[in-house]
2 protein chains.
Amino acid sequence: MKLTPLAERFVLHFGEMGSRWGVNRTVGQIYALLYISAKPLNADEIGDVLEFSRSNVGIGLKELQAWRLVKLVHLPGDRRDYFEPPKDVWEIFRVLVEERRRREIEPTLSLLRDAMLEQPGSEEDRVAQAKMRQMYELIELTTGWLDEVQRLSPETVINLMRMGAKVQKLLDFADRLKFGRKDDGKGDLP
Amino acid sequence: MKLTPLAERFVLHFGEMGSRWGVNRTVGQIYALLYISAKPLNADEIGDVLEFSRSNVGIGLKELQAWRLVKLVHLPGDRRDYFEPPKDVWEIFRVLVEERRRREIEPTLSLLRDAMLEQPGSEEDRVAQAKMRQMYELIELTTGWLDEVQRLSPETVINLMRMGAKVQKLLDFADRLKFGRKDDGKGDLP
DNA sequence: TTAGAATTCCAGTAATTACTGGAAATCAAA
DNA sequence: TTTGATTTCCAGTAATTACTGGAATTCTAA
């Protein structure tokens, strides 16, 4: 089996991009192939199309499962493992955010927490701890916000995003109405 | 010169984390060192503390400059190049978001745009194009929103983040007031 | 329980990426 | 200019990471 030129370009691109995210070329290509595939694929089909060894495909699929970017499914009357990505692109986005956070952010937060608790042994340590605290607070704020956003429905998030910076103006407006002020000097709705 | 245990832990951690972002251990360590340092450092000092060869430090610093994560500064009466990160942690955050977008997102958007314009050669191509369009729309929405947020002041962004999901409720509230409705069935402020 | 099909593991090898030391180039002050 | 200090470039080498094919294991249906 062979890829159409369109599919091939997509697959190769994700192979290259994979290396910029913590996954290798193989893994990127396998994911891209599954993403645009009309139906779930098994390891043999993937290896056949991408010309990877059977083992290499196996390893790649295991890594994608660890990322929760592909799911194992079974087809009736077929013992082999088939794989497909989550149906909804928002679901994929959510999983990506969660996994990156778990792998990259949480260990850093934990290190920063420990480091901040330590008794500084010198003036340099005191400066270093202050910088670490700044970083910690920024990450805490951002991830806390992400947590809250993830609780909203995709539709709500889409709406909020479509509003963009208008949110701030609307909030000013609501604020004024709520507290019955005439004008707070911060401008108005368009 | 030698690092305090506190600084060393931080530096080593960022070395490991570097590999999960597209930079190598060396680059991660150099950045971490500069970040917690009380004053700008030159290449010799960095190589001395981290025990890297002079060239290796040079390459690492060049990469960090390409990421705009460190700035070149000069000290009066000293010809050597000194380096320091942007002062404000929010500035660092902004730069990181921008650079990752430029390197990882823009090339993908460009590929997707091209691919979507092509005449599908088969049913598979049509399916693939539909998936690509979904991905494209999600990325467009998200990056467009990011653009708008980046125009706000850090203080405003901090405030919005602190509000978290309350934003949605406040917006419903503003919406109702604005259009003079008694109740739209979507709930109320707490 | 067994045969056959599929998956996982593993050791050796290939490919890639990172690092070093020295040589060349650049730069600023004299 | 020239000199001395500093930075950049480069080729060879080391280290890491990825890949392969086969062997061992697991699993299911008969």
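Computed from a predicted structure; not experimentally measured.

(A) Representation of the protein's contact with DNA strand D in the model. Near DNA strand D, the surroundings consist of 13 residues, among which Thr26 and Ser55 of chain A together with Lys62, Arg79 and Asp81 of chain B are the closest. The sugar and phosphate moieties of DNA strand D supply 65% of its atoms located within 4 Å of the protein. In the model, a phosphate oxygen of DNA strand D is placed 3.0 Å from a nitrogen or oxygen of the serine 53 of chain A main chain. Arginine 79 of chain A places a side-chain nitrogen or oxygen 3.4 Å from a base oxygen of DNA strand D.

(B) Layout of the protein's contact with DNA strand C. In the vicinity of DNA strand C, the residues found are Arg54, Ser55, Lys62, Arg79, Arg80 and Asp81 of chain A together with Asn24, Thr26, Ser53, Ser55, Asn56 and Arg79 of chain B. Of everything in DNA strand C that lies within 4 Å of the protein, sugar and phosphate atoms constitute 65%. Within the side chain of threonine 26 of chain B, an N or O atom sits 2.6 Å from a phosphate oxygen of DNA strand C. Within the backbone of serine 53 of chain B, a nitrogen or oxygen atom sits 3.0 Å from a phosphate oxygen of DNA strand C. Of all elements in the fold, only helix H4 (54–66) of chain A together with helix H4 (54–66) of chain B reach the threshold of two or more residues within the surface near DNA strand C. For the surface near DNA strand C, the element with the highest residue contribution is H4 of chain A, accounting for three residues. A class-by-class count of the residues in the surface near DNA strand C yields no nonpolar, six polar and six charged.

Reading guide: rules and limits
Residues numbered from 1 in each chain as written. Chains lettered and ligands numbered in written order. Predicted model: local features only at pLDDT ≥ 70, side-chain atom pairs only at ≥ 80, totals over all residues. Heavy atoms only, no water. Near = heavy atom within 4 Å. Polar contact = N/O pair within 3.5 Å; in protein donor to acceptor, adjacent residues only side chain to side chain. Helix = DSSP H or I, 4+ residues; strand = E, 2+ residues; numbered from the N terminus. Nonpolar A, V, L, I, M, F, W, Y, C, P; charged D, E, K, R; others polar.

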